[in-house]
Amino acid sequence: MEALETVAQETSDSILSDILWLKAPDAESWVKRVTTFSRTSALMSIVGYILGLGDRHPSNLMIHNFTGSVIHVDFSDCFEVTKERVLFPELIPFRLTRFMIRAFGPAGIDGSFRKTCLDIVRIVRRKREYLMSVLEIFAHAPLVRTGMEQVKQSRNEQQMSNSSIGLVDVESETDINKHINRISDKINGKDFDANHRLTQQEQVEELFKSATNMYNLAHLYHGWNPLW
């Protein structure tokens, strides 16, 4: 962690923001692109957090050259499977590095990024019944079931190799229900404390602290590029 802090202090964090500025033909276009970048980053951050989406290294974030819009790719690591790794667990809720914060504009995370995060959390809570019904279908899809079996195999490869197909299905179903409950806690603001429901502002603030915590970033695999 000390090494990351030292590197962060001694290196520039303006590369991404400089690119957005240099690619813009005029100041008005730059403002629009920065605003779009911060808003779409907020949208994808909260959605990815609800899904438990991991493996958010730079190659999985696509930034449009002309609009600044952010699109994520590679949704194979869902339901916080990367958080359960023995080596290099991803303890952060979403990617919020210093390069991104600088590229959000003069206000950083306290501008349109924070406002959009609050708006998305508000919408998610208001529409939680519809969202949960969709996610339950998604969680029981064969593709996700296969992913759960792979996680179990990494935990105990020998046990999995000796298990029958029926036993694997039961265990996978248990894991799926656990992840659905976890998603429900996130939507209802009980993700940090099951006995206390956070307000929208409190939940967003806790997410920001966790995403920028240097201790959490220090746990990541170096290919995740936590200082980018």
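Each chain has its residues counted from 1, following the order in which its sequence is written. Totals for whole chains, interfaces and linings use all residues, but because this is a predicted model, local features are given only for residues with pLDDT of at least 70 and pairs of side-chain atoms are given and counted only at 80 or more. To obtain the side-chain values, all non-hydrogen atoms of the structure were used and water was disregarded.

### Focus on the pattern of salt bridges
A pair can form between side chains of opposite charge whenever their charged atoms are brought close. Salt bridges are counted wherever a side-chain nitrogen of Lys or Arg sits within 4 Å of a carboxyl oxygen of Asp or Glu. In the structure shown here, the tally under the stated rule is 11 salt bridges. For Arg-182, the salt bridge identified is with Glu-80, shortest N-O distance 3.2 Å. Of the two residues, Arg-182 sits in helix α9 (residues 165-187) while Glu-80 sits in the loop between β2 (70-72) and α4 (98-103), which places them 102 residues apart along the sequence. Relative accessibility under 20% of the residue-type maximum defines a buried residue, over 50% an exposed one, and the middle range a partly exposed one, all with a 1.4 Å probe and only protein chains included. Given the relative accessible area of 15%, Glu-80 is considered buried. Helix numbers and strand numbers start at the N terminus; a helix is a DSSP run of H or I with at least 4 residues, a strand a run of E with at least 2.

### Here's the deal with unusual backbone geometry
Unlike most non-glycine residues, Glu-80 shows phi in positive territory, near 60°. The backbone of Asn-225 sits at a positive phi, close to 55°, despite the residue not being glycine. Taking the relative accessible area as the measure of exposure, Asn-225 reaches 35% and is therefore partly exposed.

### Here's the deal with the side chain of Asn-216
The topology assignment puts Asn-216 in helix α11 (residues 214-218). Apart from the residues within four sequence positions on either side, Asn-216 is in contact with Leu-91, Ile-92 and Ser-210. Two residues form a contact once any of their heavy atoms are found within 4.5 Å.

### Considerations on the packing of helix α2 (residues 15-23) against helix α3 (residues 27-51)
Across the interface, α2 lies against α3 with an axial gap of 9 Å and an inter-helix angle of 140°. Relative to α3, the element α2 lies oblique. At the point where α2 passes α3, the crossing takes the right-handed sense. The residues of α3 that touch α2, namely those facing Leu-16, Leu-20, Trp-21 and Lys-23, are Trp-30, Arg-33, Val-34 and Phe-37. Polar here means any residue outside two lists: the nonpolar Ala, Val, Leu, Ile, Met, Phe, Trp, Tyr, Cys and Pro, and the charged Asp, Glu, Lys and Arg; Gly therefore counts as polar. Taken together, the residues of the contact of α2 with α3 sort by class into six nonpolar, no polar and two charged. Lines fitted to C-alpha atoms define the axes, with helix axes restricted to the stretch in contact, and inter-axis angles between N-to-C directions lie between 0 and 180 degrees. In what follows, roughly perpendicular refers to angles from 65 to 115 degrees, roughly parallel to angles under 35, roughly antiparallel to angles over 145, and oblique to any angle outside these ranges. Should the near helix be turned counterclockwise from the far one by less than a right angle, the crossing is left-handed, whereas a clockwise turn marks it as right-handed.

### Points about the packing of aromatic side chains
A pair of aromatic rings is counted whenever rings of Phe, Tyr or Trp (Trp by its six-membered ring) have centres within 6.5 Å, and the orientation is called stacked for planes under 30 degrees apart, edge-to-face for over 60 and tilted otherwise. Under the criterion given, the structure shown has six aromatic pairs. Pairing Phe-88 with Tyr-221 gives two aromatic rings, centres 5.6 Å apart and planes at 65°, and the pair type is edge-to-face. Pair noted here: Phe-88 is in the loop between β2 and α4 and Tyr-221 is in the segment after α11, with a separation of 133 residues, a long-range link. Residue classification places Phe-88 among the partly exposed residues on the basis of a relative accessible area of 43%. For the ring pair Phe-104 and Phe-113, a centre distance of 4.5 Å and an interplane angle of 15° mean the geometry is stacked. In this structure Phe-104 comes out as buried when scored by relative accessible area, which is 5%.

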